[in-house]
Amino acid sequence: MRRLMTFLVLTIFLNPASGANLKPMTVDDLLAFHRLSDPQPSPDGKWVVFQSSQVLDVAQNRMATHLYLVPTDGSAAPRLLTSSGKRDSQPRWSPDGKTIAFVSNRFQGNQIFLLDVTRGGEAIQLTNVSTGVSDPKWSPDGKYLAFSSTIYPEFSELPFEESNKKNHDKLTEVEQNPVKARVFTKLFYRHWDEYVEDKRIHLFVVPLKVGPNGLEAADFPRDVTPGDRDALPTSSTFSSGVDYSFAPDSKSLVFTAVPTVNAAWSTNYEICRVTLDNRSTKWNCLTTANRAADSGPQFSPDGKKIAFRQQKKAGYEADKWDIVFADWSAEKGIVGPLTNVTAKHDLSVGEFIWHGNNFLFNADYQGSSPAFSIAADGTGLKQLPIPGRVTSLALSQGDHQTNLVTVVSSMHFPNEIFTLELDHEAPKVAAKNISRMNEEILTHLNLPKPESVTIDVEGGKMQMWLLKPPGFDPAKKWPVVYLVHGGPQGAWDDGWSFRWNPEMWAAQGYVIALPNPRGSTGFGQKFTDEISGDWGGKCYRDLMAGADYVEKLPYVDNKRIASAGASFGGYMQNWFAVNTNRFQCLINHCSVWNFESMWGTTDELWFDEYEHGGLPWEVPGKYAEFSPHKKAAKLGEFKTPMLIIHNDLDFRCPIGQGHELFSAMQRQGVPSRFINFPDEGHWVLKPANSKYWHKEVFDWLKKYVPAGPK
């Protein structure tokens, strides 16, 4: 009966009530959802703390992030733990379960605050670091808190009081100086959407003591990774959610370090260690034998082994990630050979955690991102029964019961906190939604569920999602939007997004097609690899086969089909523009137009250099082969109306790509419109900007492809 009731509750949540009173989702509805993330179970297994962001004022671009506390068994609704009206995030329990450390910008930038959950009351500020802090972590013995901060490395060898002041003074000087010139001496000097110049991410440790009001700092923080090197990944590609860990004896930190040299064109991320007890700041790198990336060190529950993710191909960010582990010695570090847990399985590991002597991990798989369990010897691989996309894995243990605590979403419902009861054989009951913070909004919306189809393509199969609009009538003819995902090593999965939300597009009155062509992740590493050096080849032909399939559907009006995409999806809009006239209009967000100019202006050079097989002057033909700008002279085909969106702070696909594209289209008389957000990066994140973005996109779409059935 317990199993049946849990299943029914889950089914009701995943399939909200339907009926004529439900309405299609609007942008205001999208912005109203709670954005839940980062669940952290208490040491006794009874509670989960998590963060939730909400838009408070769209016009003012005002959002707030607060912490909530919910019983692990879901027996009560989440209760508000912080209410600063600012951003309270990254909650972390102390080992004794009495204190939650978190990061907040309520006063002097991002600082660590401590909240005594046994006493209640206001949180107490622990740090006052001029460069701000992130990613707090408790030592196993509870005597230290570690954190990261992005500092000027030339001051990092100084005592904290002095270095903190010099960092503060330099930041103030830069802010107040009327001359805004920047000076660069090496790559990276910018990343994603911000100029990092010569600053570096370092790890700090602050000792703790018990004071009259609870835990407090016993001394100033100490920079334990001084020098001109980043101690944590500067690229999210190489982060597995856990970028550093305390060793089991609390005497050292083990972390994912950026390459010593050539960081902008090398993927040689390493697992390194620095000891704390003897004030040594010498980095001991433990994975120098592997020239590709290693990341995400985590220790086994008994402290005797260390595990991390590893790639094999140097320079290739989309290579398969495997879980590897070895014995751990407090004196020597990694001891003996590495055991590759996932070598025999064609899955690329995302996040992972230890579960006894086993592992739990997530991975893209067949158009979704489920969770798996596997034994340390690589046997017993099982997919866990959790619907939708699974992220933020954590383990809750207490009262003789173990739960996986995680964030779950689907294309038709946003993030919620779920638990899954585990035992040594198999999950005992279905996954349970314990947060339920978005149910009220969902009960009023008509959010259709997607359908998965498989299409024959050159040399294999392609999976594609089809999402029909609210009020869909199969007897009528509907327009289509053909969405191309980014990456290119990415995928449309059965998950929620606040940036490109398929339900939001379907709500406009369109059938939405979401193909996963060559290069997509989750369909085997060979399928992923086959796009490298061939962006306009097999992948393009896969997409054309998908479009052929869509046009033949009995309910599709093949005279009303548009396409849209961002990043690589934007590149493909450009490739469509110079190769086919089958779409009535195109919508292009932050794209690549000219591979030759892209190389010198993007931030991560390793990406272009691997995809094209070398530097531009070494293999000039490879950069030109699939570059859309080379085919703009084909006036007979280069005529599809296009909306172009490019942002000033996008350093991955720089603004110049948009300028060149718009100039080419205008110069040749192609109907085009250029939207530029000077205050956004690769994505449009601010609420008011998001609302404007959606209006521009849907207005352009409906101008050329009228919505609704015929």
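Everything that follows concerns the structure shown earlier in this document.
Bear in mind that the values here come from a model prediction, so they are computed numbers and not experimental data. (Residues numbered from 1 in each chain as written. Predicted model: local features only at pLDDT ≥ 70, side-chain atom pairs only at ≥ 80, totals over all residues. Heavy atoms only, no water.)

Caption draft 1: Fine view of a negative patch on the surface. There is a patch of like negative charges on the surface, built from Asp-141, Asp-249, Asp-277 and Glu-331. Along the chain, the position of Glu-331 falls in the loop between strand 22 (322–329) and strand 23 (333–340). Relative accessible area serves as the criterion here: at 66%, Glu-331 is assigned to the exposed category. (Patch = residues over 30% accessible without salt bridge, like charges linked within 9 Å, V, L, I, M, F, W, Y side chains within 5 Å. Areas by Shrake-Rupley, 256 points an atom, 1.4 Å probe, with all protein chains shown as cover. Salt bridge = Lys/Arg side-chain N within 4 Å of Asp/Glu carboxyl O. Lys, Arg positive; Asp, Glu negative; His and termini not counted. Charge placed at Lys NZ, Arg CZ, Asp CG, Glu CD. Helix = DSSP H or I, 4+ residues; strand = E, 2+ residues; numbered from the N terminus. Buried < 20%, exposed > 50% of the residue type's maximum accessible area, 1.4 Å probe, protein only.)

Caption draft 2: Region of interest: the state of the cysteines. Taken as a whole and judged by the stated rule, the model has 1 disulfide. Put simply, Cys-272 and Cys-285 are joined by a disulfide, and their sulfur atoms are 2.4 Å apart. Judged by the torsion about the S-S bond (85°), the Cys-272/Cys-285 disulfide is right-handed. With Cys-272 in strand 18 (residues 270–275) and Cys-285 in strand 19 (residues 284–285), this pair connects stretches of sequence that are 13 residues apart. Among the residues examined, Cys-272 registers a relative accessible area of 0% and is labelled buried. With no disulfide of its own, Cys-590 lies closest to Cys-653 among cysteine sulfurs, the gap being 6.8 Å. (Disulfide = S-S within 2.5 Å.)

Caption draft 3: Region of interest: the sheet that holds strand 16 (residues 244–246). Spatial strand order, 16-17-18-19: 4 strands in an open sheet with antiparallel pairing. Whereas interior strands pair on both sides, the edge strands pair on one side only; in this sheet they are strand 16 and strand 19. (Pairing = 2+ DSSP bridges.)

Caption draft 4: Examining the packing of aromatic side chains more closely. Counted according to the given criterion, the structure contains 47 aromatic pairs. Here a set of aromatic residues connected by ring pairs shows up, and it is made of Trp-535, Phe-568, Tyr-571, Trp-575, Phe-595, Phe-607 and Phe-626. We note Arg-35 situated over the ring of Phe-498; from NZ or CZ to the ring centre the distance is 4.0 Å. It is Arg-309 that lies over the ring of Trp-321; its NZ or CZ is 3.8 Å from the centre. (Phe/Tyr/Trp six-rings, centres within 6.5 Å; stacked < 30°, edge-to-face > 60°. Lys NZ or Arg CZ within 6 Å of the ring centre and 35° of its normal.)

Caption draft 5: Main features of unusual backbone geometry. Cis rather than trans, the peptide bond between Leu-187 and Phe-188 has omega equal to -5°. One can find Phe-188 in the loop between helix 3 (160–176) and strand 11 (190–191). Omega for the bond connecting Gly-487 with Pro-488 falls within 30 degrees of zero, at 5°, which places this linkage in the cis form. With respect to the helices and strands, the residue Pro-488 is situated in the loop between strand 34 (478–484) and helix 5 (502–506). In this structure, Asp-38 is a non-glycine residue whose phi angle is positive, near 55°. With respect to the secondary-structure elements, Asp-38 resides in strand 1 (residues 35–41). On the basis of relative accessibility, which here comes to 15%, the residue Asp-38 falls in the buried class.

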